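Each chain, letter by letter, is given below.
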Amino acid sequence: MASLLYRLGRFSFRRRKRVVAVWLLLLVVLGGAAATLMGPTSDKFTMPGTESQRALDSLQEQFPQASGTTGTIVIAAPEGAKLDKAAVAPVVRDAAAVDGVVGAVDPFQAGAVSKDGRYALVQVQFEAAADEVTDAQRAAYEKVGASVESSAEGLRVEHGGEVLSAEVEVGSTEAIGVLIAAGVLVVTFGSLVAAGMTLLNALVGVAAGMAGLFALSSVIELTSTAPILALMLGLAVGIDYSLFITSRHRQYLTEGVDAEEAAGRAVGTAGSAVVFAGATVVIALSGLTVVNIPFLSVMGLAAAGTVAVAVLVALTLLPALIGFAGDRVLPRKQRDGRTATEAAASAAASTATSTSAEADKPREGFGFRWGRTVTRFRVPVLLVGILGLGVLALPAADMRLALPDAGTAAAGSATREAYDLTSEGFGPGFNGRLIAVVSGDDAASTAVAAEEATKRIQGTKDVLAVTPPQLNKQGTTALLTVIPKAGPTDEATEAVVHAVRDRVADIGDFAGAEGTDVALSGTTAVGIDVSEKVADAMLIYLLLVVGLSILLLMLVFRSFLVPLKAALGFLLTIGATFGITVAIFQQGHFADLLGVDTPGPLVSFLPILLIGILFGLAMDYEVFLVSRMREDFVHGAGAQEATVSGMGHNARVVTAAALIMTAVFGGFIFMPDPIIKSMGFALAVGVLVDAFIVRMALVPAVMSLLGRAAWWLPRLVDRALPNLDIEGESLQQKLVPEQRQGAADESEEADAVKV
C-alpha cells in the first residue's frame, strides 16, 4: 500500500494543475447535481417490524384521511376567565380553511376543554405527511387565530404538533469551530500557507461529499440530522487527515528531501495511516446497517461516504496543493535557510547516516518529556486514569433513551410554547397521546373490538382518558386516542404502552370480534419502539466494533496485546463519554452552561452513533501513536525507548488533531436543536477523553508496562495474517538503497569535476 500511495503522491504533485482542475470540475458537477436533484429531508423515524409501524401502515392503507400529520392549536383565556364557543369558533374555522387540512375538530364537541374552562385544544388533521407539507401551508397554519389573539378578549393562541417539526439547518455557529481549528493549525504549523492549505483541502472534501449527498437525496430518504452528521465528520476528519500528511511532508522537507520526493513519502507513510484510519471510520459507520434500522443506516452511510471523500481528497488534492505552496508550507525561519545546495547536502548526509543511532536521536520536546514522565510513573498513571474514567462512567448506568419531543425544544420556540401551555392546562399526558388502531374484516367485528378495546384501555393504570372510536367510511378501521397521565418521554408512559399492548393483544379471540387486530401507535409509541430496538442492538454492535478493532489492529501492528489494549481503552472512552453526557443532558448537572433548559432522556440513536464514530477516531490516534513505536522497535530500539520515541514524534500532531476535532464538534453545541447539541457535545467530549487520557496517557503507560511482550504474536498467526505495511516499511527499504546509490553517483560526479 505504501508504495502505491507513494507513487500517487508524486503523481499528484507533478500533475498538480490537472489534479486541481479535476477536483474543481467534480465540484461543479456535484454542485449542479445537488441543485437540480436535491429532495426534501425528513424527520420520520420509521421502524419496520414494530407494532407502531404496523399500525401506521394500516392507517395509510385503510384510513388515509387520518394517516397524515397533525397539528394542535392551544387556546388559553386570561387567568380567571373561561373560553366560550364564540371565541373558539374563528380558530376552528380558520384552521379548517388552511390548504391541505382535512379537518379541524371543535374542542367543545370533542370534549377537549379543561375542567376550569380556561384552556382548549383544537386538533388539526392534514392530508399529507409532515415532510410533504409545504412551507406556505405551514406558515398559514401558524397564522391561524391571529385575529382572536389580537382581540380585546386577551386570548393566547399557540401552535404545535407534528406539522411544525422543523428541519435542522446549519447556521453560523458551526463557523466558530472552523475558526478555532484554523487557529490551531496556524499555531501548529507556524505558517499561514500551510494552515490555509490544510483547511482549504478539508473544505473541498466536505463540499464534494455534501453535494454528492444532497444529489442522492432525491432517491433516498434523508433524515434532517444525516447531513449534519456528515458535515461534522467530514470537517473533522478532513482537517485531521490533511494535518497528518502535511506534518509528515514538512518533516521530510526539514531533513533536506526534495519537495516532490517529500510529498510522495508523506502520502506513502502518513497517507497509509490515513487510509487505514479512514477505512475504520467508514467500516464502523457502514456497520450501522447491521442494526437494520433504516434511518440509522442512512445516517451511517451518509457520514461514511463523506469520510471516504475526505480520505480521497487528502491523498490526491493535498499533494497537488503542496506542489503549489512549495517551501511556503514551512515557517519563514526554516525556509529562509533552505537553499538548494544545503538541501542536497543535507539529503546526502541524511542518507549516509540513515542507519546510525545518532541520526535517529530524537529532538527533545514536550512529547519526549511527557513520554518519559508517563513511562516512569506508569503504575500511578494507570490507576488514576482507569479509576477516573470509571467514576465518570457511573452515570451511564442510569441512561435512558427516547426520541426528542417538543418539551426539549428550544425555549421560546412555537412548539415549546404550545407544549408548555398544553401541559399547564391539561397535564403532560396530552402531549404524548397514543393512537390505538383497530382493524377488522367487517364493520360489525371492528365495532365490537373497538368497544372492548376502549373498556380494556380505560382500565389500564396511568391512562387518563380514551376518546370514542373514529371509524373510516367502510367501518373496518377504528381509531382510539389514548391519553396517558405522564409526558411522552416519562418512564410511566413507556409502562402504559406495554400495559395497553398486553391488555388488547387477544381481542381477536373475543366473542364477536374474531379476526380483528389492535395495534398501538402514535409519535410517542414510535419513539418507544425505536429506543428499545436501538438499545437491544447496541450491545451487539459494540461487540462487533470491538472485535473489528482487535482484528484490524492485529493486522497493522502484528501483535496480540496491543489490539487488546486498544479495545479496552476504547471501552473506557465510550463509558466515560456516555457517563458525562447522561450527567449533563439527562440528569441536568451543569446543563445551564450548555443551554439545556429541560434535561431528559438521550436521543435514542446517539449512543450507537457514538460507538461507531468514536471507534474510528480512537483508531486514528492509536495508529499514529503506536505505529511509530512499532517502527522504532522493529528497527532495534528497546521497548521503553520506542514508547518514548512514539510519543515524542507524534504527540504534537495528535494533540493538534484532537483539539481541531473538539473545536469542530464543539461548534455544534451552540445549535438550538437538542439532537445536534447532544451529538456535538458527546463527540467533543469523546475525542478529548480518548486523545488526552486514553491514548496520550494510558497507552504509553501500558506499553511501558508490557515491554517487549507488547509486540508478541504467535508464529502461526503471524504467518496467516497479511502484511498491510501501514508504517511504510517496505517503502523505506526500497528508498534507502536508491538514495545511497544517488548519493554515490553525485559523489562520483563531484570527484570527476575536481579532476
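Predicted, not measured: the structure shown is a model, and the values here were computed from it. (Residues numbered from 1 in each chain as written. Predicted model: local features only at pLDDT ≥ 70, side-chain atom pairs only at ≥ 80, totals over all residues. Heavy atoms only, no water.)

Comments concerning the overall build of the protein chain
For step 1, the next point in the chain: The helix and strand inventory of the protein chain stands at 26 helices and 11 strands.
For step 2, the next point in the chain: Residues classed as buried in the protein chain amount to 54% of the 755 residues present.
For step 3, the next point in the chain: Long-range contacts, defined here as pairs at least 24 residues apart, represent 80% of the contacts in the protein chain between residues at least 6 apart.
For step 4, the next point in the chain: Summed over its atoms, the accessible surface of the protein chain is roughly 31700 Å², and 60% of this surface lies on carbon and sulfur atoms. (Helix = DSSP H or I, 4+ residues; strand = E, 2+ residues; numbered from the N terminus. Buried < 20%, exposed > 50% of the residue type's maximum accessible area, 1.4 Å probe, protein only. Contact = heavy atoms within 4.5 Å. Areas by Shrake-Rupley, 256 points an atom, 1.4 Å probe, with all protein chains shown as cover.)

Remarks on the nonpolar core
For step 1, the next point in the chain: Formed by 145 residues in total, the largest nonpolar core has its most connected members in Tyr-241, Phe-570, Phe-605 and Phe-665.
For step 2, the next point in the chain: What Phe-665 contacts, discounting residues up to four positions off in sequence, is Met-232, Leu-233, Ala-236, Leu-617, Gly-680, Leu-683, Ala-684 and Val-687.
For step 3, the next point in the chain: Core analysis: the next-biggest nonpolar cluster, separate from the first, contains 24 residues, Ala-77, Ala-95, Val-124 and Val-148 among them. (Core = buried A, V, L, I, M, F, W, Y, C linked by side-chain atoms within 4.5 Å.)

Side note on the pairing of strand S6 (residues 434–439)
For step 1, the next point in the chain: Burial analysis of S6 places five of its six residues in the buried class, the great majority of the element.
For step 2, the next point in the chain: In this structure, S6 lies alongside strand S9 (residues 477–484), joined through six bridges in antiparallel fashion. The residue bridging Val-437 from the neighbouring strand is Leu-479, located in S9.
For step 3, the next point in the chain: Taken together, the five bridges between S6 and strand S10 (residues 517–521) define a ladder with antiparallel strand orientation. Counted as the bridge partner of Val-437 is Ala-519 from S10. (Pairing = 2+ DSSP bridges.)

So, helix H18 (residues 443–458)
For step 1, the next point in the chain: Counted at 1.5 Å a residue, the expected span for H18 with its 16 residues is 22 Å, and the 22 Å between its end C-alpha atoms agrees.
For step 2, the next point in the chain: All buried positions along H18 are accounted for by Ser-445, Thr-446, Ala-449, Ala-450, Glu-452, Ala-453, Thr-454, Arg-456 and Ile-457.
For step 3, the next point in the chain: Those residues of H18 hidden inside the fold are in contact with S6, strand S7 (463–466), strand S8 (470–471), S9, helix H19 (491–504) and S10. (Expected span 1.5 Å × (residues − 1).)

Describing the environment of Gly-707
For step 1, the next point in the chain: Inspection of the secondary structure assignment puts Gly-707 in the loop between helix H24 (674–706) and helix H25 (715–720).
For step 2, the next point in the chain: Considering only alpha carbons, one finds Gly-707 and Thr-643, 64 residues apart in sequence, at a separation of 9.0 Å.

Quick word on the packing of aromatic side chains
For step 1, the next point in the chain: Under the defined criterion, the tally for this structure stands at seven aromatic pairs.
For step 2, the next point in the chain: A centroid spacing of 5.7 Å and a plane angle of 75° characterise the contact between Phe-126 and Tyr-141, whose relative ring orientation is edge-to-face. Pair noted here: Phe-126 is in strand S3 (residues 119–126) and Tyr-141 is in helix H6 (residues 135–143), with a separation of 15 residues, a long-range link.
For step 3, the next point in the chain: For Phe-126, a relative accessible area of 1% gives the class buried.
For step 4, the next point in the chain: Every member of this aromatic cluster is reached through a ring pair, and the members are Tyr-119, Phe-426 and Phe-430.
For step 5, the next point in the chain: The ring of Phe-324 has Arg-16 lying over it, and the distance from NZ or CZ to the ring centre is 5.7 Å.
For step 6, the next point in the chain: We note Arg-265 situated over the ring of Tyr-252; from NZ or CZ to the ring centre the distance is 5.7 Å. (Phe/Tyr/Trp six-rings, centres within 6.5 Å; stacked < 30°, edge-to-face > 60°. Lys NZ or Arg CZ within 6 Å of the ring centre and 35° of its normal.)

Digging into the sheet that holds strand S4 (residues 156–160)
For step 1, the next point in the chain: Pairing is antiparallel across the open sheet formed by four strands, whose spatial order is S2-S3-S1-S4. Looking at which strands have only one partner, the edges of the open sheet turn out to be strand S2 (101–105) and S4. This sheet shows a mean twist of 20° between the axes of neighbouring strands, independent of strand direction.
For step 2, the next point in the chain: Relative to S4, strand S1 (residues 70–76) runs antiparallel, the two sharing five bridges. Following the sheet pairing, Val-74 is matched in S4 by Glu-158.
For step 3, the next point in the chain: Across the face of the sheet, helix H4 (residues 85–96) comes into contact with S1, S2 and S3 while running at roughly 165° to S2.
For step 4, the next point in the chain: The strands that H6 touches are S1, S3 and S4; relative to S4, the one it contacts most, it runs at about 155°. (Axes fitted to C-alpha atoms, helices over the stretch in contact; angles between N-to-C directions.)

Here we look at the confidence of the model for the protein chain
For step 1, the next point in the chain: For the protein chain, per-residue confidence averages 83 on the pLDDT scale, and residues scoring 70 or more make up 89% of the total.
For step 2, the next point in the chain: Within the protein chain, no element has a lower average pLDDT than helix H14 (residues 340–352), which sits at 45, and none a higher one than helix H16 (residues 378–393), at 94.
For step 3, the next point in the chain: Across residues 339–362, where pLDDT falls below 50, the model places 18 contacts with residues more than four positions away in sequence or in other chains. (pLDDT = per-residue confidence, 0-100.)

What about the side chain of Ser-58?
For step 1, the next point in the chain: Examined against the element boundaries, Ser-58 turns out to sit in helix H3 (residues 51–62).
For step 2, the next point in the chain: The contact partners of Ser-58, leaving out residues within four places of it in the chain, are Phe-63, Val-437 and Ser-439.

Some points on the packing of helix H21 (residues 561–586) against H24
For step 1, the next point in the chain: In contact at an axis separation of 8 Å, H21 and H24 are set at 145° when each is read in the N-to-C sense. Handedness of the crossing formed by H21 with H24: right-handed.
For step 2, the next point in the chain: Broken down by class, the residue content of the contact of H21 with H24 amounts to 19 nonpolar, six polar and four charged. (Left-handed = near helix turned anticlockwise from the far one by under 90°. Nonpolar A, V, L, I, M, F, W, Y, C, P; charged D, E, K, R; others polar.)

Some remarks on helix H9 (residues 192–216)
For step 1, the next point in the chain: Taking 1.5 Å as the rise per residue, H9 with 25 residues should run 36 Å; its terminal C-alpha atoms sit 36 Å apart, in good agreement.
For step 2, the next point in the chain: Capping the start of H9, Ser-191 holds a side-chain oxygen 3.3 Å from the backbone nitrogen of Val-193, two or three residues further along. (Polar contact = N/O pair within 3.5 Å; in protein donor to acceptor, adjacent residues only side chain to side chain.)

Observations concerning unusual backbone geometry
For step 1, the next point in the chain: The phi dihedral of Asp-462 is positive, around 70°, even though this residue is not glycine.
For step 2, the next point in the chain: Tracing the backbone shows Asp-462 in the loop between H18 and S7.
For step 3, the next point in the chain: The class of Asp-462 is partly exposed, set by a relative accessible area of 27%.
For step 4, the next point in the chain: Backbone geometry at Phe-590 places phi at a positive 60°, although glycine is not the residue there.
For step 5, the next point in the chain: Residue position: Phe-590 is located in the loop between H21 and strand S11 (602–603).

As for the side chain of Gln-125
For step 1, the next point in the chain: In this fold, Gln-125 is placed in strand S3.
For step 2, the next point in the chain: Judged by relative accessible area, Gln-125 falls into the buried class, the value being 18%.
For step 3, the next point in the chain: Within the structure, the side chain of Gln-125 is placed 3.4 Å from the backbone oxygen of Thr-69, a separation counted as a polar contact.
For step 4, the next point in the chain: Leave out the neighbours within four places in its chain, and Gln-125 touches Gln-65, Ala-66, Ser-67, Gly-68, Thr-69, Thr-70, Val-101, Val-102 and Gly-103.

So, the packing of helix H1 (residues 2–14) against helix H11 (residues 259–286)
For step 1, the next point in the chain: The geometry of H1 relative to H11 is characterised by a closest axis approach of 7 Å and an angle of 135° between their N-to-C directions. On the basis of the axis angle, H1 is oblique to H11. As for the relative orientation of H1 and H11, their crossing is right-handed in sense. Each of Ala-2, Leu-5, Tyr-6, Gly-9, Arg-10, Phe-13 and Arg-14 in H1 lies in contact with H11, whose residues at this interface are Ala-259, Glu-260, Glu-261, Ala-263, Gly-264, Arg-265, Val-267, Gly-268, Gly-271, Ser-272 and Val-275.
For step 2, the next point in the chain: Grouping the amino acids of the contact of H1 with H11 by side-chain chemistry returns eight nonpolar, five polar and five charged. (Parallel < 35°, antiparallel > 145°, perpendicular 65-115°, else oblique.)

Points about the environment of Gly-579
For step 1, the next point in the chain: Following the sequence through the fold, Gly-579 ends up in helix H21.
For step 2, the next point in the chain: Gly-579 gets classed as buried once you look at its relative accessible area, which sits at 0%.
For step 3, the next point in the chain: Taking the C-alpha atoms as reference points, Gly-579 and Ala-397, separated by 182 residues in sequence, lie 7.8 Å from one another.
For step 4, the next point in the chain: With residues up to four places along the chain from it excluded, the contact list for Gly-579 reads Leu-392, Ala-393, Pro-395 and Ala-396.

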